[in-house]
Amino acid sequence: MARLQILEYPDPRLRTQAKPVEVFDAALAKLVADMFETMYMAPGVGLAATQVDVHKRLIVMDVSENKNEPRVFINPEVLMRDGTGVTEEGCLSVPGIFDEVKRAATVRARAQDEKGAVFEVDLDGLAAVCLQHEMDHLEGKLFVDYLSDLKRDRIRKKLDKDRKERAARAREPAGARAY
């Protein structure tokens with residue numbers, strides 16, 4: 001397995017619409033495994049292939065307390081939405097930023113597993129929110145798109161500043177750091 005690089009907002013590749021998965025083979029199984037490793041190490045509860053610069057309709061998630069219930073959604077579609085709820089969301093592609101987003105409280109989804117078998121599932125709570133959030137990524141949409149222009153601008157500036165600081169620290173000699 002390999003840990004993949006997660007693209008960060010405002011990287012334009014995050015705006016790419018994902019294409020359907022058509023081949024269910026060993027390469028897809030490896031991508032799924034690599035995405036799980038990346039998601040768990042980040043740490044996160046969901047990851048869309050778009051976030052790792054693979055523009056296929058593939059999502060991995062695990063919203064369980066003990067991180068022992070991995071789920072794979074390939075070519076997912078929402079069949080039904082019901083109710084609404086506001087939840088504070090974060091995103092591995094928008095590190096350290098959290099804000100409230102309104103989404104359906106429950107969803108019925110159809111997808112394929114890593115072998116290509118079709119399944120349907122009813123989700124609520126965090127699982128419903130996570131699937132909707134990750135499906136947005138497949139359409140080139142991020143949770144910050146639900147926020148005001150002012151908030152989005154502030155987030156972009158904060159992330160740019162954070163990236164510059166990380167890059168500057170990476171260029172410093174190891175012994176030059178103050179503690």
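In case you missed it, the structure is sitting above this.
Note that the structure is predicted; figures quoted are calculated from it, not measured. Per chain, residues are indexed from 1 in the order of the written sequence. Per-residue local features of the predicted model are confined to residues with pLDDT of at least 70, and side-chain atom pairs are confined, for both listing and counting, to 80 or more; whole-chain, interface and lining totals are unaffected and use all residues. As a rule here, side-chain values come from all non-hydrogen atoms in the structure, and water together with hydrogens is ignored.

Enquirer: Please give an account of helix 2 (residues 125-138) that cites residues and values.
Expert: A run of H or I in DSSP becomes a helix once it reaches four residues, and a run of E becomes a strand once it reaches two; helices and strands are each numbered from the N terminus. Take the residue count of a helix, subtract one, and multiply by 1.5 Å to get its expected span. Along its 14 residues, helix 2 runs 21 Å from first to last C-alpha, staying within 8% of the 20 Å computed at 1.5 Å per residue. Categorising residues by exposure relies on relative accessible area from a 1.4 Å probe, with only protein chains included: less than 20% of the type maximum marks a residue as buried, more than 50% marks it as exposed, and the intermediate range marks it as partly exposed. Where burial is concerned, most of helix 2 is hidden: twelve out of the 14 residues are buried. All buried positions along helix 2 are accounted for by A127, A128, V129, C130, L131, Q132, H133, E134, M135, D136, H137 and L138. On its buried face, helix 2 sits against strand 1 (46-48), strand 2 (58-61), strand 3 (71-91), strand 4 (94-112) and strand 5 (118-124). Directly after helix 2, the chain includes G140, whose backbone phi takes a positive value near 80°. Contacts are assigned to residue pairs with any non-hydrogen atoms lying within 4.5 Å of each other.

Enquirer: Describe the packing of aromatic side chains, naming the residues involved and giving the relevant values.
Expert: Aromatic pairing here means that ring centres of Phe, Tyr or Trp (its six-membered ring) are within 6.5 Å. Orientation follows from the plane angle: under 30 degrees is stacked, over 60 is edge-to-face, and everything else is tilted. Under the criterion given, the structure shown has two aromatic pairs. Taking the centre distance of 5.7 Å and the plane angle of 55° together, the rings of F73 and F119 count as tilted. Placement of F73 in strand 3 and of F119 in strand 5 is noted, with a sequence separation of 46 residues between them.

Enquirer: Could you give an account of the environment of P10, with specific residues and numbers?
Expert: Here P10 shows up in the segment before helix 1 (26-41). Each C-alpha atom of the pair P10 and K141 lies 11 Å from the other, and the pair is 131 residues apart in sequence. Setting aside chain neighbours within four positions, we find P10 in contact with R156, D160 and R163.

Enquirer: Help me get a handle on the side chain of T50, residues and values and all.
Expert: You can see T50 is positioned in the loop between strand 1 and strand 2. Given the relative accessible area of 0%, T50 is considered buried.

Enquirer: Run through the pairing of strand 2, naming residues and quoting values.
Expert: The side-chain alternation of strand 2 yields two buried faces, one formed by L58 and V60 and the other by I59 and M61. Examined bridge by bridge, strand 1 and strand 2 share three bridges and lie antiparallel to one another. The partner of A48 across the bridge, within strand 2, is I59. At least two bridges found by DSSP between two strands is the condition for calling them paired. In this sheet, strand 3 lies alongside strand 2 in antiparallel orientation, the contact comprising four bridges. Within the sheet, the bridge partner assigned to V60 lies in strand 3 and is V72.

Enquirer: Please give an account of the sheet that holds strand 1 that cites residues and values.
Expert: Here five strands make up an open sheet; going across it, the order is 1-2-3-4-5 and the pairing antiparallel. One side of each edge strand has no neighbouring strand; the edge strands of this open sheet are strand 1 and strand 5. When the angles between neighbouring strand axes are averaged without regard to direction, this sheet yields 40°. In terms of strand pairing, strand 3 meets strand 4 through 14 bridges, oriented antiparallel. Axis definition: a line fit to C-alpha positions, over the contact stretch in the case of helices; interaxial angles, taken between N-to-C directions, run 0 to 180 degrees.

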